[in-house]
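Listed below are the residues making up each chain.
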Amino acid sequence: MRETLTSAAAAAIIGLWVTQAHAQQNQPLAPAPDFDKVVIKTTDLGNKTYMLEGEGGNITVAVANDGVIMVDSQFAPLHAKIKAAITAITSQPIRYLLITHFHRDHTGGNEGFGKDGATIVAHESVKAHLASGTRNGLTGNVVPPAAPIALPKDTFKDTMTVRLQGRAAEIRHPADVHTDGDATIYFADANVLATGDIVVFGRYPNIDFAYGGSIDGMIRGVDEVIAFAKDDTKIVPGHGPLGTKTMIRDYRQMLVDVRERIGKLKATGKSEDEVVAAKPNADYDAKYRVDERAIGNFIRVVYRSLKS
């Protein structure tokens, strides 16, 4: 017999998932956001393509003549607000939900959009991780398995193209970058590239070393994005504002600098805690205005992802 959760219990579970999702990004643990206060911001990118910002990973929306292709789904409690924002753009149904990686700040809304009838598409490892649940490499926090309706119906290994009438989404998988299941999605007719968390602006990225990510992989993945993007390509990052190829080059330089600094300290025999205490990235810490926990966590994921 299926039990019915009280609203308070449901809210508590959602709050736990949000906290775990922030931990999964290696961001500071904080009280769950007040989703009632979240406003979905819509930016028109041209040619019926849009970027949505709320709480969690950025969303890309491409409107075709017979439906909508959507990239990523943020958190479950925002399903209605995200859906309303898309309805304000078009009356077409959401036909496809493409996922850039498995972290729950990008996949939390899968269940709601899956119930609405969207076909969820992701790399094959994303389906496996969502189905089994995952564990944070730094904190040990466990994220439970997703509901069956939230799992991808269609998966790919390397590349895939999703088409609707008049639109196409070109999906590519760079191996072992931010995670083992990352995807970039390019809408050629709008010259818009959604990068997932391979690229983020205004903050440090997560490197999920427990699931295939590494600092070397991040640099390689960013190089692939730079090589693919045109000078005027609009970049929808995993987090942060709409970007440009020039901004990605600056972001890459930060990754290279951090890798060199932490790598040198590790090579001299410094422990992880000693490297954290040394504050090797003080200039970038100030630039991004991040707190001590975020500073330490980023150093730790880089340190652990470097080969001894």
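Summary of the structure given here. Note that this is a predicted model, so its numbers are computed, not measured. (Residues numbered from 1 in each chain as written. Predicted model: local features only at pLDDT ≥ 70, side-chain atom pairs only at ≥ 80, totals over all residues. Heavy atoms only, no water.)

1. Here's the deal with the nonpolar core
- Counting 35 residues, the largest nonpolar core has Tyr251, Met254 and Val302 as the members making the most contacts within it.
- Looking at this core, the elements with two or more residues in it are α6 (215-228), α7 (245-267), α8 (272-278), α9 (282-288) and α10 (292-305).
- In this view, Val302 contacts Ile207, Ile215, Val258 and Ile262; residues no more than four positions away in its chain are not counted.
- Listed in part, the 29 residues of the second largest apolar core include Tyr50, Val61, Ala122 and Ala146. (Core = buried A, V, L, I, M, F, W, Y, C linked by side-chain atoms within 4.5 Å. Buried < 20%, exposed > 50% of the residue type's maximum accessible area, 1.4 Å probe, protein only. Helix = DSSP H or I, 4+ residues; strand = E, 2+ residues; numbered from the N terminus. Contact = heavy atoms within 4.5 Å.)

2. A closer look at the pattern of salt bridges
- Counted by the stated rule, this structure contains 17 salt bridges.
- Across the salt bridge formed by Asp189 and Arg167, the nearest N and O atoms sit 2.6 Å from each other. Taken together, the residues Asp189 in the loop between β12 (184-187) and β13 (192-196) and Arg167 in strand β11 (residues 167-172) connect sequence positions 22 residues apart.
- Residue classification places Asp189 among the partly exposed residues on the basis of a relative accessible area of 37%. (Salt bridge = Lys/Arg side-chain N within 4 Å of Asp/Glu carboxyl O.)

3. A closer look at the environment of Ala131
- Assignment of secondary structure puts Ala131 in helix α5 (residues 124-132).
- In this structure Ala131 comes out as partly exposed when scored by relative accessible area, which is 39%.
- Ignoring anything within four residues of it in the chain, the contact list for Ala131 reads Pro145 and Leu151.

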